[in-house]
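Single-letter residue listing:
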2 protein chains.
Amino acid sequence: MADLGIDALVREFNQRRPRGLARAISWAESGRGAELIRRLYNRTGRAITIGLTGPPGVGKSTLSSAIVRKARSLGKTVGVISVDPSSPFSHGALLGDRIRLTEHFVDPDVFIRSMASRGHLGGLAGASADAALLMDAFGLDVILIETVGVGQSEIEIAELAQTTLVALQPGSGDSIQVLKAGIMEIADIFVVNKADHPMANQMRREIRGMMEMLQFTGWVPELVMTQALSGEGIDDLWRAIESHVAYLHETGEIETKRREAFTHQVRQLALGRIQKRLQHELQHARTDVDPYAAAGILLAHFNMGDDEEGGDDGDQAARPRAVVKGLT
Amino acid sequence: MADLGIDALVREFNQRRPRGLARAISWAESGRGAELIRRLYNRTGRAITIGLTGPPGVGKSTLSSAIVRKARSLGKTVGVISVDPSSPFSHGALLGDRIRLTEHFVDPDVFIRSMASRGHLGGLAGASADAALLMDAFGLDVILIETVGVGQSEIEIAELAQTTLVALQPGSGDSIQVLKAGIMEIADIFVVNKADHPMANQMRREIRGMMEMLQFTGWVPELVMTQALSGEGIDDLWRAIESHVAYLHETGEIETKRREAFTHQVRQLALGRIQKRLQHELQHARTDVDPYAAAGILLAHFNMGDDEEGGDDGDQAARPRAVVKGLT
């Protein structure tokens, strides 16, 4: 990337050439997003943002590709952000998957960006929130953010996106007990991909059964069967997306979604800064005391009093939830 | 869990009955670890801590079980901490895997604890560090911490453990490019499990080739072939573990390892507290500015000046690393 100044960068961005957008995202990725976003922020808020998550192998990239094709057939410009949660063990598979988006590489109205998220905080790169804002400011109609559901990524994608698609694969063992683990809370639309699989109907029944047991106030997740490779069911999926978008606007929930995405980014930015400072302070942490005492002393640097530190109940919510499954 | 006071809890713990340990861990899990750890911390530092990570399906629990069996045959008491990174999509599989540890459930000298780590920070539960300290203080000889390598968990396990085993599976696509992604830095011992697989030797050659290209200063990772199910290779694995432990003590690197585990826990504790506070502050975050400006204002509450906030270079390291793989 040429070392343009920010004025030249914004000028290029304003010419609405893909290279301008690509450079703006790279600029943000390199940690210089603040001034850029400040300048372009008032142009955001127009795009539809769709999140797509699911386990490895479910065919997310094929689904992405089919969704992009559908959106393009309606004349919409599309941005795709592929977030790779970067498990060292799944790298190869994820990259292989991504190749399926290549059919759109030559379309100037489809902008594809892949990002690896790797850092102590895990989850989506802070840069992916910047990328979504920049694509929005650039004027893309639809922004599709896809990630494999490992770690926290599927929760974070639901925070960033307005409409969250959860793709599931029949016969994968991802049956009903999977849905207990928080997925019901994030899915606006379930996509059972590979609908020609012999166990597809069983999976559909399980999801329906699960939904019947729950009381929904507001949006009830839709369930769509697709065969992304052949394109079957993609029209239904698009209708479900439009239906959810319409619901968000009719009820005013779109503002809640925007606020969530904003809060998500503010949290990630603040945590990133805090973490850097924390890493620095840790080099001087006391080692002649127990870890709790050392943490308490260290927190004083963050304007958090030592007195708050005791093992009181207030501490509870700050700890990751841990459940007991083994011998007790 | 009965609502014992901490004095009764410590008394029961001191009687060295598994129930006392179980209750102490539950106490710490519920967010009341500070006082408990403060009281027991000076008894820690005696156990050998082994981390075991690898992709799903590699046979980690079978390996764990075989390692436990070996340690027991040598008269050692063992604690196992199974950390489930709680992808909603892998839940079922991970739990299924765990069942293989049941052969040790009736052995009073094997203490098994499963924990789910789920929270915005992802990665290992802070409670697993407490559990390791408590098992150590309790007097267990060997503590085995196992987790599936997704998200950040494999990095965190390497920080917590003194000896890190990375299990790989032949023919799984986890070939040489996988090893580039940071695994070389954390593995003290590579375990190629399912050594009877036709591609096991190819994987061994790839790992060896990779190692030959690298310059090691200090410990050179060992490579062990196992068939955990039949027990083949487990003696070799145990010898490799003992050899690494001896290396750590001879070189004094054991102190570095202990410091890393300490720092890891202090970081997690501090981040947990900060995150809770951040969540609170986020409810009052400005929404009439862009996310960077809002983050800057919010950080003042953490004794971090707004003036540090601009998109200067210093910000760079605080952002998750993001690399470009797609169109630019």
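Predicted, not measured: the structure shown is a model, and the values here were computed from it.

Visitor: So what exactly am I meant to see when it comes to the overall build of chain A here?
Guide: Within chain A, the regular secondary structure consists of twelve helices and seven strands. The buried share of chain A, reckoned over its 328 residues, is 54%. Summarising the internal contacts of chain A: among those between residues at least 6 apart in sequence, 74% fall at separations of at least 24.

Visitor: Would you explain helix α3 (residues 60–73) of chain B in this entry?
Guide: The α-helix advances 3.6 residues per turn, and as a result positions three or four apart in sequence lie on the same side. All names here are of chain B. Taking 1.5 Å per residue as the helical rise, α3 with its 14 residues ought to reach 20 Å, and the 20 Å between its terminal C-alpha atoms agrees with that figure. Burial within α3 is extensive, with ten of its 14 residues counted as buried. Residues of α3 that are buried: K60, S61, T62, L63, S64, S65, A66, I67, V68 and A71.

Visitor: I keep staring at the sheet that holds strand β4 (residues 142–148) of chain A and nothing clicks. Help me out?
Guide: Each strand in a sheet pairs with its neighbour through backbone hydrogen bonds, running either in the same direction (parallel) or in the opposite one (antiparallel). All names here are of chain A. Across the sheet, seven strands lie side by side as β3-β2-β4-β1-β5-β6-β7; this open sheet has parallel pairing. Only two strands of the sheet have a single neighbouring strand rather than two, namely β3 (110–116) and β7 (222–225). Here the average twist between neighbouring strands, direction ignored, is 20°. Two elements, strand β2 (residues 78–84) and β4, share six bridges in a ladder whose sense is parallel. From the neighbouring strand, G79 faces β4, where its bridge partner is I143. Sheet strands in contact with helix α3 (residues 60–73) are β1 (48–54), β2, β3, β4, β5 (163–168) and β6 (189–192), and its direction is about 175° off that of β4. Contacting β5, β6 and β7, helix α9 (residues 200–213) runs over the sheet at an angle of about 180° to β7.

Visitor: Mind showing me how you'd approach unusual backbone geometry here?
Guide: Note on backbone geometry: most residues besides glycine have negative phi, and most peptide bonds are trans. All names here are of chain A. Positioned with a positive phi, R16 is a non-glycine residue whose angle comes to about 55°. Tracing the backbone through its elements, the reader meets R16 in the loop between α1 (6–14) and α2 (18–40). The phi dihedral of N303 falls on the positive side, at around 65°, and the residue is not glycine. Since 12 C-beta atoms lie within 10 Å of it, N303 is described here as exposed.

Visitor: Even after reading the chapter, I still don't get the confidence of the model for chain A, so can you show me in this structure?
Guide: One rule of thumb: low pLDDT means the predicted coordinates there are not for detailed reading. Residue and element names in this part refer to chain A. Residues of chain A with pLDDT of at least 70 account for 79%, and the chain-wide mean is 82. At the low end of the mean pLDDT range in chain A sits helix α4 (residues 91–98), at 45; at the high end sits helix α10 (residues 234–251), at 98. Of the regions scoring below 50 in pLDDT, residues 90–97 engages in 14 contacts with residues more than four places distant in sequence or in other chains. Taken as a whole, residues 307–328 scores under 50 in pLDDT and shows 49 contacts with residues more than four places along the chain or in a different chain. Per the prediction output, this complex has pTM 0.79; the corresponding ipTM is 0.85.

Visitor: Where do I start with the pairing of β5 of chain A in this structure?
Guide: A regular strand places its side chains so that they alternate between the two faces of the sheet. Residues and elements named next belong to chain A. Here β5 lies mainly inside the structure; six of its six residues are buried. Neither face of β5 is exposed, since T163, L165 and A167 on one face and T164, V166 and L168 on the opposite face are all buried. Pairing analysis gives four bridges linking β1 to β5, with the strands arranged parallel. By the bridge assignment for β5, G51 is matched with T164.

Visitor: Quick question: what am I supposed to make of the sheet that holds strand β6 (residues 189–192) of chain B here?
Guide: Residue and element names in this part refer to chain B. Reading across from one edge, β3-β2-β4-β1-β5-β6-β7 is the order of the seven strands in this open sheet, with parallel pairing throughout. Of all the strands in the sheet, the pair left with one neighbour each is β3 (110–116) and β7 (222–225). Recorded for the sheet is a direction-independent mean angle of 20° between the axes of neighbouring strands. Bridge count for strand β1 (residues 48–54) against strand β4 (residues 142–148) is seven bridges, and the pairing is parallel.

Visitor: I'm lost on the packing of helix α1 (residues 6–14) of chain B against helix α2 (residues 18–40) of chain B in this one. Help?
Guide: When two helices pack together, their arrangement is given by the angle between their axes and by how far apart the axes lie. Residues and elements named next belong to chain B. Where α1 contacts α2, the two axes come as close as 10 Å, and the packing angle between them is 130°. As the angle between them shows, α1 and α2 are arranged oblique. Crossing hand, α1 versus α2: left-handed. Where α1 abuts α2, its residues I6, L9, V10, E12 and F13 lie against R19, G20, L21, R23, A24, W27, E35, L36 and R39. Taken together, the residues of the contact of α1 with α2 sort by class into eight nonpolar, one polar and five charged.

Visitor: Just to check I follow, could you spell out the packing of helix α12 (residues 291–299) of chain A against α2 of chain B for this structure?
Guide: At a minimum axis separation of 8 Å, α12 of chain A and α2 of chain B run at an interaxial angle of 125°. By the criterion of interaxial angle, the relationship of α12 of chain A to α2 of chain B is oblique. Where α12 of chain A abuts α2 of chain B, its residues P291, Y292 and A293 of chain A lie against G33, A34, I37 and R38 of chain B. Its residues placed into classes, the contact of α12 of chain A with α2 of chain B shows five nonpolar, one polar and one charged.

About the cut-offs
Residues numbered from 1 in each chain as written. Chains lettered and ligands numbered in written order. Predicted model: local features only at pLDDT ≥ 70, side-chain atom pairs only at ≥ 80, totals over all residues. Helix = DSSP H or I, 4+ residues; strand = E, 2+ residues; numbered from the N terminus. Buried ≥ 20, exposed ≤ 12 C-beta atoms within 10 Å, placed from the backbone. Contact = placed C-beta atoms within 7 Å. Expected span 1.5 Å × (residues − 1). Pairing = 2+ DSSP bridges. Axes fitted to C-alpha atoms, helices over the stretch in contact; angles between N-to-C directions. pLDDT = per-residue confidence, 0-100. Parallel < 35°, antiparallel > 145°, perpendicular 65-115°, else oblique. Left-handed = near helix turned anticlockwise from the far one by under 90°. Nonpolar A, V, L, I, M, F, W, Y, C, P; charged D, E, K, R; others polar.

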